[in-house]
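Fold and contact review
Residues per chain, in single letters:
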Amino acid sequence: MKSPKLKAWILAARPRTLLASVVPVIIGTAAAHNDGYINLPATIVALVCSVFIQTGTNYINDLYDFLAGSDSKGRIGPRRALAEGWLTPKEMRNGIVILYTVTFLLGLYLVYVGGWIILLIGVLSLIAGYSYTGGPWPLAYHGLGDLFVFIFFGFVGTIGTYYLITGMVTPLIYWAAVPVGALITNILVVNNYRDREEDKRNNKKTLAVLLGNTFSRYEFIIFIILSYFSLAVIYFFHEESYYIFLPLVTIPLAGKLIYMLYVFSGRELNKTLELSAKFSAIFGLLLAAGLVL
């Protein structure tokens, strides 16, 4: 039986969102395999570091949203550890320091494998994770959360993994990174769409707050279209097989998500958020399978 503290740490990590940190590594590894490169130890360590960085980012988000007064017990979204009193700010700060330290130490192996560029990627990822809601100018509070997620989960995570294993970068990996970043960003789009009124009251200027619900819906749809479009680019311009179109089987799921975004509101959107996370993972795994096959 889990202790209350252990359960609190697990819930604060937001385990349902952690698939988002797995997909970039899987896609980068699959693309490397497609080009004849395999490094299983590096892939495993990169996967652990990626999950730890996102977990740390979630802890930082929990801490600084609480300190900023953005979280309360009555929030629409999933319950937060500090707002619920499960953990104290001091405990959360200590947990963040420990997790980031462990991640940095594990990352030294990746630096040994991939060189100084991997060190730069790792340090920037840790800084970005903190800056998302922490520091003097938090990205999420100034309409830059979507861009941050697209760049770091899409391009940095996916291309960084590919470079770690192969020591090079190709045009194909850029296009493979596009649906990763787009669909993981869509998770945030749904989150901010759901929390728009609450964030507006708390002066949290997400794109949903700044540009409205209609923009958020269009952003969501455009990212889905862009994800499917990238498959055609990979096939026609990079001489991949028909297997690259495996993610097309997710089209009915994409349609369901768009429908939910237009019809659901309030706490109902938690279902859309969860399904968006599953959709990004399923699409990513099918894309990885297509690259390997």
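Keep in mind that what you see is a predicted model, and the values were worked out from it rather than measured. (Residues numbered from 1 in each chain as written. Predicted model: local features only at pLDDT ≥ 70, side-chain atom pairs only at ≥ 80, totals over all residues. Heavy atoms only, no water.)

Secondary structure summary: the chain contains 12 helices and zero strands in total. Counted from the first residue to the last, the chain has its helices and strands arranged as α-α-α-α-α-α-α-α-α-α-α-α. Over its C-alpha trace the chain gives a radius of gyration of 19 Å, about what one expects of a compact globule, namely 19 Å for 293 residues. With the C-alpha coordinates aligned to their principal axes, the bounding extent of the chain is approximately 50 × 45 × 40 Å. The burial tally for the chain puts 52% of its 293 residues in the buried class. For the chain, the proportion of contacts with a sequence separation of at least 24, taken over those separated by at least 6, is 74%. For the chain, the distance from the average site of its 22 positive side-chain charges to the average site of its 16 negative ones is 9 Å. (Helix = DSSP H or I, 4+ residues; strand = E, 2+ residues; numbered from the N terminus. Rg over C-alpha atoms; globule rule 2.2 N^0.38 Å. Buried < 20%, exposed > 50% of the residue type's maximum accessible area, 1.4 Å probe, protein only. Contact = heavy atoms within 4.5 Å. Lys, Arg positive; Asp, Glu negative; His and termini not counted. Charge placed at Lys NZ, Arg CZ, Asp CG, Glu CD.)

Quick look at unusual backbone geometry now. Phi is mostly negative for residues that are not glycine, and the peptide bonds are mostly trans. Its identity as a non-glycine residue notwithstanding, Arg14 has a phi of 55°, on the positive side. Tracing the sequence through the fold places Arg14 in the loop between α1 (4-12) and α2 (19-34). Unusually for a residue other than glycine, Asn203 sits at a positive phi of about 60°. Residue placement: Asn203 occurs in the loop between α8 (196-201) and α9 (207-211).

This brings us to the packing of aromatic side chains. Applying the stated criterion across every chain yields a total of 13 aromatic pairs. Consider the rings of Tyr235 and Tyr242, whose centres lie 5.2 Å apart with planes at 25°: the pair is stacked. Relative accessible area serves as the criterion here: at 17%, Tyr235 is assigned to the buried category. The class of Tyr242 is exposed, set by a relative accessible area of 62%. An aromatic cluster is built from Phe150, Phe155, Tyr174 and Phe223, whose rings are joined through pairwise contacts. Positioned over the ring face of Tyr141 is Lys204, at 5.2 Å from the centre of the ring. Taking NZ or CZ as reference, Arg217 lies 4.9 Å from the ring centre of Tyr262, over its face. (Phe/Tyr/Trp six-rings, centres within 6.5 Å; stacked < 30°, edge-to-face > 60°. Lys NZ or Arg CZ within 6 Å of the ring centre and 35° of its normal.)

Now for a nonpolar patch on the surface. A cluster of nonpolar side chains, namely Phe104, Leu105, Leu108, Trp116, Leu119, Leu120, Val123, Leu124 and Ile127, defines an oily patch on the protein surface of about 850 Å² accessible area. Of all the elements in the fold, those that place two or more residues in the nonpolar patch are α4 (89-114) and α5 (116-131). By residue number, the principal contributor to the nonpolar patch is α5, which donates six residues. If you trace the backbone, Leu124 turns up in helix α5. (Patch = residues over 30% accessible without salt bridge, like charges linked within 9 Å, V, L, I, M, F, W, Y side chains within 5 Å. Areas by Shrake-Rupley, 256 points an atom, 1.4 Å probe, with all protein chains shown as cover. Salt bridge = Lys/Arg side-chain N within 4 Å of Asp/Glu carboxyl O.)

At their nearest, the axes of helix α7 (residues 171-194) and helix α10 (residues 213-238) sit 9 Å apart, and the two run at 165° to each other. One way to sum up the angle between α7 and α10 is to call them roughly antiparallel. Note on packing geometry: the crossing formed by α7 with α10 is left-handed. In the contact of α7 with α10, the residues fall into 18 nonpolar, seven polar and two charged. (Axes fitted to C-alpha atoms, helices over the stretch in contact; angles between N-to-C directions. Parallel < 35°, antiparallel > 145°, perpendicular 65-115°, else oblique. Left-handed = near helix turned anticlockwise from the far one by under 90°. Nonpolar A, V, L, I, M, F, W, Y, C, P; charged D, E, K, R; others polar.)

Tracing the backbone shows Val51 in helix α3 (residues 40-67). A C-alpha to C-alpha distance of 15 Å links Val51 and Thr29, two positions 22 residues apart in sequence. The contact partners of Val51, leaving out residues within four places of it in the chain, are Leu18, Ser21 and Val22.

Moving on, we get to the pattern of salt bridges. If you walk through the whole model with that rule in mind, you get seven salt bridges. Residue Glu91 pairs with Lys5 through a salt bridge whose shortest N-O separation is 2.9 Å. In this pair, Glu91 is assigned in helix α4 and Lys5 in helix α1, connecting sequence segments 86 residues apart. By relative accessible area, Lys5 is classed as partly exposed at 37%. Close ionic contact of Arg16 with Glu274 constitutes a salt bridge, the shortest N to O distance being 3.0 Å.

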